[in-house]
Amino acid sequence: MSDQKIFATPQKVEDLADCYFYHTMELPGRGVIEGQDWDLRGRVDEYLGNVDFAGQRVLEIGPASGFLTFEMEKRGADVISVEVTDEHGWDFVPYPEPRLEEVFGPRRIVMQQLKNSYWFSHAALQSKARVYYGDAYNLPAALEEFDIAVMGAVLLHCRDPLRIVEQCGKRAKSLIIVDKFHPDLEGAPVCRLAPTPENFLWHTWWHFSTRFFTQFLEVMGFTTSEAATHQQFHRGRPHTLFTLVGRRK
Ligand SMILES: C[S@@+](CC[C@H](N)C(=O)[O-])C[C@H]1O[C@@H](n2cnc3c(N)ncnc32)[C@H](O)[C@@H]1O
């Protein structure tokens, strides 16, 4: 497979109405577009562990609307993002089929609109970032090596988060992991199953402790930073997240 063939052809999206903005974005000629989920503006360096991106080849798992993609690019990175395919769509938690059926249709539309928001922003910002639509559990060798891999608020949504960390760890010298902070889990290398029969959390699998990742990174031969916590805004409300950075020894 040639390098070029694995990357998506940029899609032309001209109408904002075809987009679902996960992130709040500020785009040339468009001003501020309010996101439906997170507004990371002004706190992006903390989110990304205050790492220097100048001249770095970056692998990003799960760009959503691409706010982080384009911020890393602004800081001098060459960014390649991995996003789910239309066929796979999401690691759905296996609730009974009749319940999930209600989710699938609307979800397919939102995921297409999410991808549209990325390409809309990509064009507006004249970005050179590339996207590989594929399986984050089996990254192709054609993606080659990276200086940094970023897993921002994505591992909680994945059935097998450590496999993704492992895949990234094989290809990148530094790893940045960002996830929700759960003070009650701190002190032990644990993760907790988030879905219950009652909460119908079909999109989220795990709550993690910071030690869960630092210990695994150390197992893989990385040194790790202290996990740093920071406040970020989801639909106007502050939430505490953590960021940790691992570097291959
Ligand atoms: C919650 S958003 C996080 C966006 C961004 N990384 C951030 O930190 O703000 C999760 C992103 O990961 C993608 N995603 C979810 N499951 C995935 C998987 N199994 N493989 C690759 N990407 C996935 C979603 O489609 C979405 O783009």
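Structure: above.
Fair warning: this is a prediction, and the values are worked out from it, not measured in the lab. (Residues numbered from 1 in each chain as written. Predicted model: local features only at pLDDT ≥ 70, side-chain atom pairs only at ≥ 80, totals over all residues. Heavy atoms only, no water.)

Student: What is the right way to read helix H5 (residues 210-219) from this model?
Tutor: Each α-helix turn comprises 3.6 residues. Residues three or four places apart therefore point the same way. Within the sequence span of H5, burial applies to Thr-210, Phe-212, Phe-213, Thr-214, Phe-216 and Leu-217. The elements touched by buried residues of H5 are helix H4 (161-171), strand E8 (172-180), strand E9 (191-193), strand E10 (206-208), strand E11 (222-224) and strand E13 (237-248). Looking one or two residues beyond H5, the residue adopting positive phi is Gly-221, at roughly 90 degrees. (Buried < 20%, exposed > 50% of the residue type's maximum accessible area, 1.4 Å probe, protein only. Helix = DSSP H or I, 4+ residues; strand = E, 2+ residues; numbered from the N terminus. Contact = heavy atoms within 4.5 Å.)

Student: How should I be thinking about the packing of aromatic side chains in this particular structure?
Tutor: Aromatic ring pairs are described here by two measures, namely the spacing of the ring centres and the angle between the planes. In total, this model carries 11 aromatic pairs according to the counting rule given. A ring pair is formed by Phe-21 and Phe-120, whose centres lie 6.3 Å apart and whose planes are at 90 degrees; its orientation type is edge-to-face. Placement of Phe-21 in the segment before strand E1 (25-27) and of Phe-120 in helix H3 (residues 97-124) is noted, with a sequence separation of 99 residues between them. Classification of Phe-120 by relative accessible area gives buried; the value is 5%. These aromatic residues form a ring-pair network of at least three members: Phe-208, Phe-212, Phe-213 and Phe-242. (Phe/Tyr/Trp six-rings, centres within 6.5 Å; stacked < 30°, edge-to-face > 60°.)

Student: So what exactly am I meant to see when it comes to the site of the ligand here?
Tutor: Within the structure, the ligand sits among 19 residues, and His-23, Tyr-47, Gly-62, Glu-83 and Gly-152 are positioned closest to it. Tyr-47 places a polar side-chain atom, nitrogen or oxygen, 2.6 Å from an oxygen atom of the ligand. For the ligand, an oxygen atom lies 2.6 Å from a polar atom in the side chain of Glu-83. Burial of the ligand by the protein amounts to 97% of the accessible area it has alone, namely 600 Å². Classifying every residue of the shell around the ligand by side-chain character gives 13 nonpolar, four polar and two charged. (Near = heavy atom within 4 Å. Polar contact = N/O pair within 3.5 Å; in protein donor to acceptor, adjacent residues only side chain to side chain. Areas by Shrake-Rupley, 256 points an atom, 1.4 Å probe, with all protein chains shown as cover. Nonpolar A, V, L, I, M, F, W, Y, C, P; charged D, E, K, R; others polar.)

Spatial relationships are all this shows, so hold off on functional conclusions.
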